[in-house]
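Listed below are the residues making up each chain.
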Amino acid sequence: DAMVIQNPRYQVTQFGKPVTLSCSQTLNHNVMYWYQQKSSQAPKLLFHYYDKDFNNEADTPDNFQSRRPNTSFCFLDIRSPGLGDAAMYLCATSRVGNGGYTFGSGTRLTVV
Amino acid sequence: AQKITQTQPGMFVQEKEAVTLDCTYDTSDPSYGLFWYKQPSSGEMIFLIYQGSYDQQNATEGRYSLNFQKARKSANLVISASQLGDSAMYFCAMFRKSSGDKLTFGTGTRLAVRP
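Just so you know, these numbers come straight off a predicted model, no measurement behind them.

Thresholds applied
Residues numbered from 1 in each chain as written. Chains lettered and ligands numbered in written order. Predicted model: local features only at pLDDT ≥ 70, side-chain atom pairs only at ≥ 80, totals over all residues. Heavy atoms only, no water. Helix = DSSP H or I, 4+ residues; strand = E, 2+ residues; numbered from the N terminus. Buried < 20%, exposed > 50% of the residue type's maximum accessible area, 1.4 Å probe, protein only. Disulfide = S-S within 2.5 Å. Contact = heavy atoms within 4.5 Å. Buried area = accessible area lost by both parts, 1.4 Å probe. Salt bridge = Lys/Arg side-chain N within 4 Å of Asp/Glu carboxyl O. Polar contact = N/O pair within 3.5 Å; in protein donor to acceptor, adjacent residues only side chain to side chain. Nonpolar A, V, L, I, M, F, W, Y, C, P; charged D, E, K, R; others polar. Pairing = 2+ DSSP bridges.

Peer 1: Before we go on, may I ask you to explain the environment of B:Thr104 in this structure?
Peer 2: Residues and elements named next belong to chain B. Within the fold, Thr-104 resides in strand E11 (residues 103-105). Its relative accessible area of 26% is what places Thr-104 among the partly exposed residues. In the structure, Thr-104 is positioned 66 residues away from Lys-38 in sequence and 15 Å away in space, judged by C-alpha atoms.

Structure (structure tokens):
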């Protein structure tokens, strides 16, 4: 089945140690998104790619970066994770203009 | 700026009864879409139902229906015949084509189904 896959499902990282979360899709959707969701809060958009065009939200910290080497893959890099970055990170895809999002299962990040 | 409001942080419902989760939105765009997602404790975001701003009829998907009142800017989710597996967080979200394909979420409602 076509889907959005996030790896790993759970990630534990040390304070200040760079970490990368990955997302892949078999839907051939041209838009990919990264959302951060802290406990009991709504998902918050960090950035999204429209094909190769990167779009950063104004309030996304510089500590967060992203790469999209091809249509299928997108990575979220956290350069120096702090305790406040512990959250669920959700990847989603859509075909431009129709709003039909498909979400991955998320990566739950713990910072120790 | 667009805004999604879910005023019920938590709700209880008895198994097999119907429940309505409220959602109001604010936008001046004529073209938009409204979504409801279910998020169980495992964390994945599960699509439930969609309503387009130009749709004449309320959307239905199995036990889920959307009570769309455009003039009041409300898009309430109705779950009929609640099941224990419906216990989860529910998010209302809005999509506008003019916003660059971004989806904005409400704060969510936690639903607990009692046996």
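Peer 1: Is there a simple way to think about the state of the cysteines in this case?
Peer 2: The final tally for this structure, using the stated rule, is two disulfides over all chains. Between the sulfur of A:Cys23 and that of A:Cys91 lies a disulfide, 1.9 Å long from S to S. Measuring handedness by torsion sign, the sulfur bridge of A:Cys23 and A:Cys91 sits at about -75° and is left-handed. With A:Cys23 in strand E3 (residues 19-25) and A:Cys91 in strand E9 (residues 87-94), this residue pair connects regions lying 68 residues apart in the sequence. Across this residue pair, the class does not change: A:Cys23 and A:Cys91 are buried. Here B:Cys23 connects covalently by a disulfide to B:Cys92, the sulfurs 2.0 Å from one another. Handedness here is read from the sign of the S-S torsion; for B:Cys23 and B:Cys92, about -65°, the answer is left-handed.

Peer 1: How do you make sense of the interface of chain A and chain B when you look at a structure like this?
Peer 2: It is common to give the size of an interface as the accessible area lost on bringing the parts into contact. Residue-level contacts link 24 residues of chain A with 19 residues of chain B. Overall, the association of chain A and chain B removes approximately 1600 Å² of surface from exposure, summing both partners, and the carbon and sulfur fraction of that is 54%. Counting across the interface, chain A meets chain B through two salt bridges. The salt bridge partner of A:Glu57 is B:Lys102, with a shortest N-O separation of 3.3 Å. Applying the counting criterion to the chain A and chain B interface returns five residue pairs in polar contact (both at pLDDT 80 or more). Those elements giving two or more residues to the side of chain A that touches chain B turn out to be strand E4 (31-37), strand E5 (44-50) and E9 of chain A. Here the residues of the side of chain A that touches chain B sort into eleven nonpolar, ten polar and three charged.

Peer 1: Could you clarify how one ought to interpret the pairing of strand E7 (residues 64-67) of chain A in this entry?
Peer 2: All names here are of chain A. Of the two faces of E7, only one is covered, namely that formed by Phe-64 and Ser-66; the face formed by Gln-65 and Arg-67 stays uncovered. Where E7 meets strand E8 (residues 73-78), four bridges bridge the pair, whose relative direction is antiparallel. Counted as the bridge partner of Arg-67 is Phe-75 from E8. Counted between consecutive antiparallel strands, the loop separating E7 from E8 contains five residues.

Peer 1: Help me out: how do you make sense of the pattern of salt bridges in this one?
Peer 2: As a working rule, side chains carrying opposite charge can pair if their charged atoms are close by. Residue and element names in this part refer to chain A. Inspection of the entire model under this criterion finds seven salt bridges over all chains. Residue Arg-67 is joined to Asp-77 by a salt bridge in which the shortest nitrogen-to-oxygen separation is 2.7 Å. One end of the pair, Arg-67, is in strand E7; the other, Asp-77, is in strand E8, and ten residues separate them in sequence. The exposure class assigned to Arg-67 is partly exposed, which follows from its relative accessible area of 40%.

Peer 1: Looking at this model, I keep getting lost on the pairing of strand E9 (residues 74-79) of chain B. Mind explaining?
Peer 2: Residues in a regular strand point their side chains to alternate faces of the sheet. Residues and elements named next belong to chain B. Burial analysis of E9 places five of its six residues in the buried class, which makes it a mostly covered element. In this structure, strand E3 (residues 19-21) lies alongside E9, joined through three bridges in antiparallel fashion. What sits directly across from Leu-21, in E9, is Leu-77. Where strand E8 (residues 64-69) and E9 come together, six bridges link them in antiparallel fashion. Residue pairing in the sheet places Asn-67 in a bridge with Asn-76 of E9.

Peer 1: Sorry, what's going on with the side chain of A:Ser94 here?
Peer 2: Residue and element names in this part refer to chain A. The topology assignment puts Ser-94 in strand E9. Judged by its relative accessible area of 1%, Ser-94 falls in the buried class. In terms of polar contacts, Ser-94 uses its side chain to reach the side chain of Tyr-33, at 2.8 Å. When residues no more than four places from it in sequence are discounted, the contact partners of Ser-94 are His-29, Asn-30, Val-31, Tyr-33, Gly-100 and Tyr-101.

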